[in-house]
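Given next are the chains, with one letter for each unit.
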Amino acid sequence: MAEVAQESTHVWSAKQRIAVFLSAMRHFAQSLRAQGLPLDYTCLDAPGNAGTLALELHKAIARHQPAALVMSAPGDWRVLQSLRAAAKEHALAMDLRDDTHFFSTVREFASYAQGKKQLRLEYWYRELRRKHHILMEGKNPMGGKWNFDADNRDAFGKAGPQSVPPPSRFAPDGISQGVLALVEARFASHPGSLHSFAWPVTRPQALVALQTFVEQRLSLFGQYEDAMWAGEVWLYHSHLSCALNLKLLNPREVVQAAVDAYSRGHAPLAAVEGFVRQILGWREYVRGIYWLHMPDYLERNALNAQAALPDWYWTGQTDMACLKDAITQTLEHGYAHHIQRLMVTGLYALLLGVKPQAVHTWYLSVYVDAVEWVELPNTLGMGQFGDGGLMASKPYVASGKYIQRMSNYCAACPYDPAQSTGPKACPFTTLYWDFLMRHEDSLKQNPRMAMQLKNLGRLDAQTRESIANHACAHRHSQL
Ligand SMILES: Cc1cc2nc3c(=O)[nH]c(=O)nc-3n(C[C@H](O)[C@H](O)[C@H](O)COP(=O)(O)OP(=O)(O)OC[C@H]3O[C@@H](n4cnc5c(N)ncnc54)[C@H](O)[C@@H]3O)c2cc1C
Ligand code: SF4
């Protein structure tokens, strides 16, 4: 095991992201040593640390003179290439083992995808439900439906969320405190802060977080999956992505815990299916897309978006209330839930026309759960439509009215989501119409955009012109 600076600097990683990885590594190393297993571990501040995984592998090969290398598949294409190249330089065979922390293998997804013109989550998810017999009654989905989205996805209503259970947070122990001091000293200029660091970094902690989620939040997970509320960071989400991606939890046990909760009558089917869909469905699907299409996936830019990411993505200093809240909590905790990522920070970048690669760098930097296999398809594919529809059947675009419906952000914002021009115009609303106008010709080919384009068709020429001018002025003010 090697802690190397490059993994924290190839993108400008947030301090919490660096700390959670290093702390989990050090705790894992401790548990291996406690079991008496042989371990070669290089600390970040060890004298002579070579700074990259490949260079550390060269050194380890020189130390151990192995006959061959065995590695479980890494999460980044970049890491796989660099370690393969290092092995090749030493003429060593590299035995790459499947990562068992997934339901499916990369090969399985590739063979599922073969010959299909379009890939869609729904069909892959159903296949995995059948194969692993999850929420099934014989050959049929439990409850007679594959998808309970219609029962889920409410807003909180005027009163806001009521008595949200506190999240599972774990005070840093001695190992974590050492890591926090190291990160603060070594990566002082990196984004975000460490003062709220309380993520699970050991398997026992991750199991507590899983159990607490199932007991306290799962039953309302589906209903409020898409809802947002200013200052409410945690809501009814699981906050397990980081523990899952660090392999402190296996997705099988997470899915099983949710299914058991349904069997015990502790959570409704709609909530459990909604949660299982995220893990068995989306998580496996995005991984398949990533490995099927790397490395060219990284370069895709179907909408030819070229703008830079506004600087305030790294500080949260904007007067747009929704963006300010989502970015501030991201920098403070390394966490935002899916709709904040997709329909606030992601949507704004898409509407503004930011280059998908710049958006990708931001997401990979700031979240504690960010690993490229999951972050890239979500950002470039789902969030920015950079893959032209491989991952999602249409661009996720909406006006400020969507954010108004799903949150209370707009009530405390200087802008008005109903206005697309004028001094109070909501930038999301202005940019939404501008986006549809800019991409009207290509979007016409997509039947799923028909309703939105029909509404665009109702705008007269003067309104269109004034929106385009307003969008242009807004773009210049932000870039
Ligand atoms: C632009 C963008 C970037 C994202 N980057 C990441 C990332 O770097 N790492 C990451 O793990 N997730 C990423 N996601 C997916 C999702 O937003 C997070 O997994 C989720 O918000 C994590 O919070 P949670 O654990 O409370 O999730 P919950 O809402 O409680 O969901 C349960 C679990 O389902 C899985 N899951 C949910 N949605 C997705 C999804 N779309 N893709 C893959 N797995 C999913 C996660 O493991 C998550 O822990 C991204 C989404 C978007 C739109
Ligand atoms: S008015 Fe627009 S910018 Fe302000 S919070 Fe609502 S959606 Fe966001």
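In this text, all values refer to a predicted model and were calculated from it rather than measured experimentally. (Residues numbered from 1 in each chain as written. Chains lettered and ligands numbered in written order. Predicted model: local features only at pLDDT ≥ 70, side-chain atom pairs only at ≥ 80, totals over all residues.)

Remarks on the overall build of the protein chain
No. 1: Each helix and strand in the protein chain was counted, giving 21 helices and 4 strands.
No. 2: Expected size for 479 residues packed as a compact globule is a radius of gyration near 23 Å; at 23 Å, the protein chain falls within 12% of this value.
No. 3: Viewed in the frame of its principal axes, the protein chain has a C-alpha envelope of about 75 × 55 × 50 Å.
No. 4: For the protein chain, the residues scored as buried account for 44% of the 479 residues in total. (Helix = DSSP H or I, 4+ residues; strand = E, 2+ residues; numbered from the N terminus. Rg over C-alpha atoms; globule rule 2.2 N^0.38 Å. Buried ≥ 20, exposed ≤ 12 C-beta atoms within 10 Å, placed from the backbone.)

Looking at the site of ligand 1
No. 1: Within the structure, ligand 1 sits among 27 residues, and His-237, Ser-238, Ser-241, Gln-278 and Glu-375 are positioned closest to it.
No. 2: Elements represented by at least two residues in the shell around ligand 1 include exactly helix H10 (241-245), helix H12 (269-293), helix H14 (338-352) and helix H16 (372-383).
No. 3: No other element matches H16, which puts 6 residues into the shell around ligand 1.
No. 4: Residues that form the shell around ligand 1 fall into these classes: 11 nonpolar, 12 polar and 4 charged.
No. 5: For the shell around ligand 1, the two domains that each supply at least three residues are domain 2 (106-165 + 217-293) and domain 3 (311-478). (Near = placed C-beta within 6 Å. Nonpolar A, V, L, I, M, F, W, Y, C, P; charged D, E, K, R; others polar. Domains from an automatic or database assignment.)

Description of the environment of Gly-174
No. 1: Secondary-structure assignment places Gly-174 in helix H7 (residues 174-186).
No. 2: The exposed category is assigned to Gly-174, around which 7 C-beta atoms lie within 10 Å.
No. 3: The spacing of Gly-174 and Phe-103 is 71 residues in sequence and 34 Å in space, taken between C-alpha atoms.

So, the pairing of strand E2 (residues 94-97)
No. 1: As paired elements, strand E1 (residues 69-72) and E2 share 4 bridges and run parallel to each other. Residue pairing in the sheet places Ser-72 in a bridge with Arg-97 of E2.
No. 2: Considered for its hand, the β-α-β crossover made up of E1, helix H4 (residues 77-89) and E2 is right-handed. (Pairing = 2+ DSSP bridges. Right-handed = clockwise from strand over helix to strand, strands pointing away.)

Observations regarding the nonpolar core
No. 1: With 121 residues, the main nonpolar core has Leu-218, Ala-258 and Leu-351 as its most contacted residues.
No. 2: The element contributing the most residues to this core is H12, with 12 residues.
No. 3: Those residues in contact with Ala-258, other than ones at most four positions away along the chain, are Val-214, Leu-218, Val-272, Phe-275 and Val-276.
No. 4: Counting residues in each nonpolar core, the second largest holds 7 residues, with Leu-57, Val-79, Ala-86 and Ala-87 among its members. (Core = buried A, V, L, I, M, F, W, Y, C linked by C-beta atoms within 7 Å. Contact = placed C-beta atoms within 7 Å.)

Looking at the site of ligand 2
No. 1: Around ligand 2 sit 14 residues, and of these Cys-322, Gly-400, Cys-410, Cys-413 and Cys-426 come closest.
No. 2: Elements supplying a minimum of two residues to the shell around ligand 2: helix H13 (321-333), helix H17 (400-406) and helix H18 (427-438).
No. 3: The element contributing the most residues to the shell around ligand 2 is H17, with 3 residues.

Things to note about the domain arrangement of the protein chain
For interface size, the figure often reported is the accessible area lost on association.
No. 1: Examined at the domain level, the protein chain breaks down into domain 1 (6-97), domain 2 (106-165 + 217-293) and domain 3 (311-478).
No. 2: A separation of 24 Å is found between the C-alpha centroids of domain 2 and domain 3.
No. 3: On the side of domain 3, 25 residues touch domain 2, which itself brings 21 residues to the contact.
No. 4: Going through the elements one at a time, H10 and H12 are the ones with two or more residues in the side of domain 2 that touches domain 3.

Overview of unusual backbone geometry
No. 1: A cis amide bond links Met-294 to the next residue, Pro-295, at an omega of 5°.
No. 2: Following the sequence through the fold, Pro-295 ends up in the loop between H12 and H13.
No. 3: A positive phi angle, near 55°, is found at Phe-385, a position not held by glycine.
No. 4: Tracing the sequence through the fold places Phe-385 in the loop between H16 and H17.

Points about helix H2 (residues 15-34)
No. 1: Over its 20 residues, H2 extends 28 Å from the first C-alpha to the last, a length consistent with the 28 Å expected when each residue adds 1.5 Å.
No. 2: Taken together, the buried positions of H2 are Lys-15, Gln-16, Arg-17, Ile-18, Ala-19, Val-20, Phe-21, Leu-22, Ser-23, Ala-24, Met-25 and His-27.
No. 3: Each element contacted by the buried residues of H2 is listed here: helix H1 (6-9), H7, H10 and H13.
No. 4: Within two residues after H2, Gly-36 carries a phi angle of roughly 80°, on the positive side. (Expected span 1.5 Å × (residues − 1).)

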